[in-house]
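Chain by chain, the residues run as shown.
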Amino acid sequence: MWLNPEEVLLKNALKLWVTVRSNDFFLLQKRRGHGEHTNKITGLLVGALDTVLDSNARVTPFRILLQVPGSQVSWVIASGAAIEEVNKHWDWLVHNLLQSLSVFENKEDAAGFVKGKVKGLIAEEVRGRQAAQEEDPEKFREALLKFELHFGLPSSEKLVTYYSCCCWKGRVPRQGFLYLSVNHMAFYSFLLGKEVKFVIPWAEVTRLERVSTALMTEAIRVTTRKRQREFSMFLNLDEAFGVMGQLADITLRRLLDSVGLELDRVLQQTARITKRILEEQAIREFVLALFRLPRSEKLYEVAPCSVWTPHSRSHTAGTLYTTDSYLCFSSREEGSCTLLIPLSEVLSIEKAESTSSLPNPVIVSMRTKKAFQLIDLQDRDDLVESMNSRLRALQWKHSVFRSRKDSRRSVVRMSAKPFHRSKNASLCDSPPSLKSASLKNSFLFVRVLVCFCQSMEPVKERLWDDHFTEFGRGVHMFRTEKIQKLVAMGIPESLRGELWMTFSDACSELDSHQGYYAGLVQKSMGHSNLATDEIERDLHRSLPDHPAFQNPTGIAALRRVLTAYAHRNPKIGYCQSMNILASVLLLYAKEEEAFWLLVAVCERMLPDYFNRRVIGAQVDQSVFEELIRERLPELAEQVPDLSTLSSVSLSWFLTLFLSVLPFQSAVCVVDCFFFQGIKSIFQLGLAVLDANATQLSACTDDGQALMILTRWVHFSKFRDLSVRHIERLRCLHRVRVLQAHEDTIKENTLRLVSPDVSISPENLSDLYDLFKTEHFITLYWGDSSSAAAAEAAAWQHGDSGHSFVERQYRLDRPQFKSLYGLLAPWPSGCSQHMDTLSNRTFTLLAPDRDNLVTFKDFASWLDTLYCEELNVKIRFLYRLHIPPALTESEDEPSLRSPLLSTNRPLYLNKETPGSPTHTEEEEVKDYQEQLKQMLQDLVKEKEKDADKPLPLMNQREFIQFCKTLYSMFHGDPEENDLFQAIATVTSLVLQIGEAGHREQTKASEEKPAKPTPPSDGALAADDEWTVSYAQILASLLTEQALVNFFEKPADLTEKIAKAKQNQYQQRAGLLTLQKGTR
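Thresholds applied
- Residues numbered from 1 in each chain as written.
- Predicted model: local features only at pLDDT ≥ 70, side-chain atom pairs only at ≥ 80, totals over all residues.
- Heavy atoms only, no water.
- Pairing = 2+ DSSP bridges.
- Helix = DSSP H or I, 4+ residues; strand = E, 2+ residues; numbered from the N terminus.
- Axes fitted to C-alpha atoms, helices over the stretch in contact; angles between N-to-C directions.
- Phe/Tyr/Trp six-rings, centres within 6.5 Å; stacked < 30°, edge-to-face > 60°.
- Buried < 20%, exposed > 50% of the residue type's maximum accessible area, 1.4 Å probe, protein only.
- Lys NZ or Arg CZ within 6 Å of the ring centre and 35° of its normal.
- Salt bridge = Lys/Arg side-chain N within 4 Å of Asp/Glu carboxyl O.
- Lys, Arg positive; Asp, Glu negative; His and termini not counted.
- Contact = heavy atoms within 4.5 Å.
- Polar contact = N/O pair within 3.5 Å; in protein donor to acceptor, adjacent residues only side chain to side chain.
- Disulfide = S-S within 2.5 Å.
- Parallel < 35°, antiparallel > 145°, perpendicular 65-115°, else oblique.
- Expected span 1.5 Å × (residues − 1).

This part covers the sheet that holds strand β15 (residues 326-331). Spatial ordering of the open sheet is given by β17-β18-β19-β13-β14-β15-β16-β20, a layout of eight strands whose pairing is antiparallel. Looking at strand neighbours, the two that pair on one side only are β17 (346-351) and β20 (479-480), the edges of this open sheet. Pairing between β17 and strand β18 (residues 362-366): five bridges, direction antiparallel. By the bridge assignment for β18, V346 is matched with M366.

Right, dumping it as structure tokens:
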């Protein structure tokens, strides 16, 4: 294979390689002793050295070297494990490059040409591997080349897919190609000699929607914070819209909230994202939502098939989905018939004999002596082998831990029974009098409803018994429309806990984690943190009217469940509304069962609902608003601002209606939720709004709307709402919610920073965008390890005095240096010195251990350079040339300039022709008198704006200071005047320093020497002089040209505009160059 050229200093060191073929520029070599059956000492020695020293050579015994005639330096450009592979590379070099190299007069240029060509071959191989993953490799390879050519993005910007379409500019459509990559969408068109191209980062997309206008039958509208663009005439608009929504959602989850939101590991590795991966991910999200599976489940196979359904005495057609721990079946019509089979309950999966009536049958045998028959399975052999391999792995895992199950004992006393509401229910460890009072007053507030429910209990129990007989019992029962009707009637109280465990499959988690809850309770006991404090505060607010939580036993059980979960999942910890949910679970399930039900709700059934910013609940509120516009258009027209309804409905989703409906009605809603998932909450919410549309239109406040919205629970009208549709909407609306959070963060950050700076609000907003974009660019294409380290450090030190706003985006040194080059107001001459100044500035702004610059520090730096007075600017420049900004590593003898010679005399008052001459001694005396007067004046100049005096600047540091000033004046219209002025100031400061040094030396000679601690800024030898900031400032003020230069206002707005144009391409090119030189 081709290799990035790697230098070899000793091409034949220790005779480890034998040359097989050679010419003027290339050598084909074999590792000595490879393939030879000999006991020669040289071969044995080389083998030993390979084992100890050179692991690469052990893998690739053949290599090709690029050599320059007459040089001892060579480069490895190819290697291989077989001679045939390396011979192909050798033949290509001889036939395609060898003749061309003879035209180069400079052999070094020839070597550079070869190295560049080899890098191009490597890039072509990468493109080939990427293209091979696509449906049409040749067309995709061509599109990939055009994408790189048109937009100039780094090669690491992975192209996912592309579409032919039109981009509308007003009423004019521009036909071209839309390229969708992992971080950007880009459009290119070239028609009638006019080129149109642009790049939109997914991180800037705030909204994706399908629209129809008079000109466009159907189009995709992409909205950013600055403009809208419409794309139409897709060959497959549904597919394009789906891929765009997925990429925007994945990018925002990865960049904006990588900690709070769950993202599949494959999607976190952008180099692995392809169109096929996105399709598989969409199916996986649908399967996880439909069957409410754990988020960690990986989808393996999707196979059309038919399942024998005894209740209908026929085969039901649908799709089989296999994951790590489950076999899932769904009929063609969603919800008509579903089947969930945990592999932990499976005994065997076997192939049966195929017949004309039963093609490709597979029998799944259960431990309960029940079996399921699947037919019409394509690729049956591979599918069965794959399922059996996972089954064997799971059975082995269970066998390892089964022996420990019986030995585990509960170390804390837990409630063995649920807090039932029947007459025989009792509260453990409660005094008899309290038991009677509690039972007597259990449901006084719903007495009529309880009497009615109690009379219906036997009827419902008989119906469920009949259902179990016909459809099965347990997790693997057939779930059909009939069971939906039974759930809607209300689950019998005697079966509610069991069926909640069955519908959520929390029972499988319980069976596979015996003793886990008891261990969590033990570990969490005695710990005190923010979560436990919030739990204690909310314990007595959980169903306060229910007797089960009016005594210590119920409160203790609730405390254990909530505290154990907070200990299990510290990322969530504890959120309000979890106490209400856990209370209801404890009423119908045992304590350990209630814990696993809470796990199922928080981690599977309501994903991202209980994270740091409740993103999941907000996304579903946005989806709910979309469904209102879609299903209830008349209400949406009458209530233009649907956010009012969302503020009311948020509690519906967070508490599953438990906080707004009468208890018995709310428990029926929880029944539906455990059976159908979040879909039932959407259906109920829409039904409530539909039934009360007229009254809601006339509402004047949220309170009145809430009174109306708590009366209704019937929602049969919206049963056609599907899980697949909800998941698609979630994907789109997550983009809107995350971007709304970003806007809030930006507003809070600007509100925090703006009082401390004089930069205009518009410029400050643009600077924030540049700052944030720089952070994202590095995440796109930069050194991932460095960026990850910076981000991890930013979050790690989040509790060390920094607010969330301050630590949201922070830049490391390379990122800051990039912005420095774009925004610094003064030129810095050569790029090397600019790099030096940016390094010093970063060191000055980021003294903390995390070595990161916040936006507040960044804005303060620019405010100093663009908006502050002359003395503040000079003070900042002064600080850049003393420790800690200036380090000893910059102390090079070559930095001394002849302009700064300390032997040059300075005459403040030059004689005019014809004036009387003075002796040298008189001149020096006059000069010293003037210096003394200047020093006396400088004593009066205090550093009023400083908390403490700045350290003195020594001779070496002053040389650096002067060098910076010279670089700043380069290219200025007044360059000559400025150079002359700085030369005068330099000489003046040198003489001031020498005079001060002589006085100090003279004083030290007159007084006995005393040991003095070294100064903070003293890096020079004792015989070097020092000057103060006040002395340098006063000297600069003597030259009007310098005063004019520093007081001349710099246009920050123009600088920001240029930075916006250049940031992307400049940074992308720099990162590409950095990667190419590694």
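Next up on the list: the sheet that holds strand β10 (residues 205-211). Pairing within the open sheet is antiparallel, and its seven strands lie in the order β9-β8-β7-β6-β12-β11-β10. Of all the strands in the sheet, the pair left with one neighbour each is β9 (194-201) and β10. Along the sheet, successive strands turn relative to each other by an average axial angle of 30°, direction set aside. Examined bridge by bridge, strand β6 (residues 159-169) and strand β12 (residues 228-232) share three bridges and lie antiparallel to one another. Bridged to C167 within β12 is F231.

Now for the packing of aromatic side chains. Per the counting criterion, the structure on display carries 50 aromatic pairs. The interplanar angle of 50° and the centroid separation of 6.3 Å between the aromatic rings of F816 and Y820 together place this pair among those described as tilted. Note that F816 and Y820 are positioned in helix α32 (residues 813-823) at a spacing of four residues, about one turn of the helix. Overall, the relative accessible area of 6% leaves Y820 in the buried class. Stacked on the ring of W17, the Lys or Arg R63 has its end atom at 3.9 Å from the ring centre. Sitting over the face of the ring of F286, R724 holds its NZ or CZ atom 3.8 Å from the ring centroid.

Inspection of every chain in the model, using the stated rule, returns 35 salt bridges. The partner of E727 in a salt bridge is R730, with the nearest N and O atoms 2.9 Å apart. Placement of both E727 and R730 in helix α28 (residues 723-753) is noted, with a separation of three residues, approximately one turn of the helix. Pair check on accessibility: E727 and R730 agree, each one buried. Between K746 and D769 there is a salt bridge, and its shortest N-O distance comes to 3.0 Å. Of the two residues, K746 is situated in helix α28 and D769 in helix α29 (residues 761-781); the sequence distance between them amounts to 23 residues. Since its relative accessible area comes to 15%, K746 is described here as buried. Through salt bridges with shared partners, a single network forms among R210, E218 and D238.

This next bit is on unusual backbone geometry. The omega torsion across P883 and P884 is 10°, close enough to zero to call that bond cis. Along the chain, P884 turns up in the loop between α35 (870-879) and α36 (920-940). Positive phi, normally seen in glycine, also occurs at R292, with a value near 50°. As for its position among the elements, R292 is in the loop between α9 (275-291) and β13 (299-309). When its relative accessible area of 7% is taken as the criterion, R292 is described as buried.

A word on the side chain of E509. Considering the arrangement of structural elements, one finds E509 in helix α15 (residues 506-512). Of the side chains with opposite charge, R604 comes closest to the buried, unpaired E509, at an N-O distance of 5.3 Å. If we skip the residues at most four places from it in the chain, E509 touches P294, W596 and R604.

Turning to its location among the elements, N551 is positioned in the loop between α17 (530-538) and α18 (552-568). When its relative accessible area of 3% is taken as the criterion, N551 is described as buried. A polar contact of 3.3 Å, which involves the side chain of N551, links it to the backbone oxygen of A548.

Right, let's get into the state of the cysteines. Under the criterion given, the structure shown has zero disulfides. C602 takes part in no disulfide bond, and the closest cysteine sulfur to it belongs to C575, at a distance of 7.9 Å. Taking the relative accessible area as the measure of exposure, C602 reaches 2% and is therefore buried.

On to the packing of helix α13 (residues 481-489) against helix α24 (residues 663-676). Angle between the axes and distance between the axes: these two values describe a pair of packed helices. α24 packs onto α13 with a crossing angle of 155° between their chain directions and a minimal axis gap of 8 Å. One element, α13, and the other, α24, form an angle in the roughly antiparallel class. Between α13 and α24, the residues in contact are I483, Q484, V487 and A488 and D671, C672, F675 and Q676, respectively.

Moving on to helix α25 (residues 678-691). Under the 1.5 Å per step criterion, the end-to-end length of α25 is 20 Å for 14 residues, consistent within 8% with the ideal 20 Å. Burial within α25 is extensive, with 12 of its 14 residues counted as buried.

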